[in-house]
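A look at the structure
If you want the building blocks of each chain, they are given just below.
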Amino acid sequence: VISYNAAISACEKGQQWERALELLAQMEARGVQPNVISYTAAISACETGQQWEHALELLAQMEARGVRPEAGVYTATMRALVSASQID
């Protein structure tokens with residue numbers, strides 16, 4: 001999990017939101033359970049890429065999978081919405 005989380009975080013910093021989502025999907029395909037850090041990093045990558053719809057999907061996905069969101073997840077989701085001018 002730690003290696004995937006680091007890679008997803010690197011995607012955020014490199015503005016590679018699509019790759020971040022690919023890595024998150026790869027985790028699951030390989031039987032590695034994403035945690036709150038995985039989702040926060042992926043949502044932050046979506047924020048960087050102004051992909052607010054994907055950010056909301058990830059939030060719903062993590063809740064459906066029983067991963068309890070923390071404040072950082074909500075903050076990253078809100079930043080994604082603001083950066084895409086979906087809320088003021």
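Below is a short write-up of the structure. Only a predicted model underlies this, so the values are computations on that prediction, with no experimental measurement involved.

This part covers the overall build of the protein. Along the protein, the regular secondary structure elements total five helices and zero strands. Going from N to C terminus, the protein has its helices and strands arranged as α-α-α-α-α. Expressed as lengths along the three principal axes of its C-alpha atoms, the size of the protein is roughly 40 × 25 × 15 Å. Contacts in the protein between residues at least 24 apart in sequence constitute 59% of all its contacts with a sequence separation of at least 6. Carbon and sulfur atoms make up 50% of the accessible area of the protein, which amounts to about 5,000 Å² in all.

Another aspect to go through is the environment of Ser44. If you trace the backbone, Ser44 turns up in helix α3 (residues 36-48). Separated by 28 residues in sequence, Ser44 and Gly72 have C-alpha atoms that sit 9.5 Å apart. Those residues within four positions of Ser44 in sequence are excluded, and the remaining contacts are Glu12, Ala76 and Arg79.

The full count for this structure, using the stated rule, is three salt bridges. Glu22 is the partner of Arg19 in a salt bridge, and the nearest nitrogen-oxygen pair spans 3.2 Å. Taken together, the residues Arg19 and Glu22, both in helix α2 (residues 17-29) and three residues apart, mark about one turn of the helix. Residue Arg19 is classed as partly exposed on the basis of its relative accessible area, which comes to 36%.

Interaxial distance between α2 and helix α4 (residues 52-64) falls to 12 Å at its minimum, and their mutual angle equals 20 degrees. One way to sum up the angle between α2 and α4 is to call them roughly parallel. Crossing of α2 against α4: the hand is left-handed. Contacts between α2 and α4 involve Trp17, Leu21, Leu24 and Glu28 from the former and His54, Leu58 and Gln61 from the latter. Broken down by class, the residue content of the contact of α2 with α4 amounts to four nonpolar, two polar and one charged.

Here we come to the nonpolar core. Ranked by size, the top nonpolar core spans 24 residues in total, and within it Ile8, Leu24, Ile43, Leu58 and Met62 carry the most contacts. Elements with a minimum of two residues in this core: α1 (2-13), α2, α3, α4 and α5 (71-83). Per-element tally for this core: the top contributor is α3, with seven residues. In this structure, Met62 is in contact with Val36, Tyr39, Val67, Arg68, Pro69 and Val73, ignoring residues within four places of it in sequence.

Criteria and cut-off values
All residue numbers refer to positions counted from 1 along the written sequence of the respective chain. Under the rules for a predicted model, residues below a pLDDT of 70 receive no local features and side-chain atom pairs below 80 are neither given nor counted, while totals for whole chains, interfaces and linings still include all residues. The side-chain numbers reported here are obtained from all heavy atoms of the structure, hydrogens and water having been left aside. The secondary structure listing takes helices from DSSP runs of H or I that are at least 4 residues long and strands from runs of E that are at least 2 residues long, numbered from the N terminus. Should any heavy atoms of two residues lie within 4.5 Å, those residues are counted as being in contact. The Shrake-Rupley method, run with a 1.4 Å probe sphere, supplies the accessible areas, and residue values consider only the shown protein chains as cover. Whenever Lys or Arg places a side-chain nitrogen within 4 Å of a carboxyl oxygen from Asp or Glu, that contact is recorded as a salt bridge. Three labels apply to residues, based on accessible area from a 1.4 Å probe with only protein chains included: buried if under 20% of the type maximum, exposed if over 50%, partly exposed otherwise in between. Lines are fitted to the C-alpha atoms to define the axes, a helix being fitted only along its stretch in contact, and any angle between axes, read from their N-to-C directions, falls within 0 to 180 degrees. Oblique is the label for any angle not covered by the other classes, which are roughly parallel (under 35 degrees), roughly antiparallel (over 145) and roughly perpendicular (65 to 115). For a crossing to be left-handed, the near helix must be turned anticlockwise from the far one by less than a right angle; the clockwise case is right-handed. Classes in brief: Ala, Val, Leu, Ile, Met, Phe, Trp, Tyr, Cys and Pro nonpolar; Asp, Glu, Lys and Arg charged; the others, Gly included, polar. By nonpolar core we mean a set of buried residues, namely Ala, Val, Leu, Ile, Met, Phe, Trp, Tyr and Cys, connected to one another through side-chain atoms within 4.5 Å.

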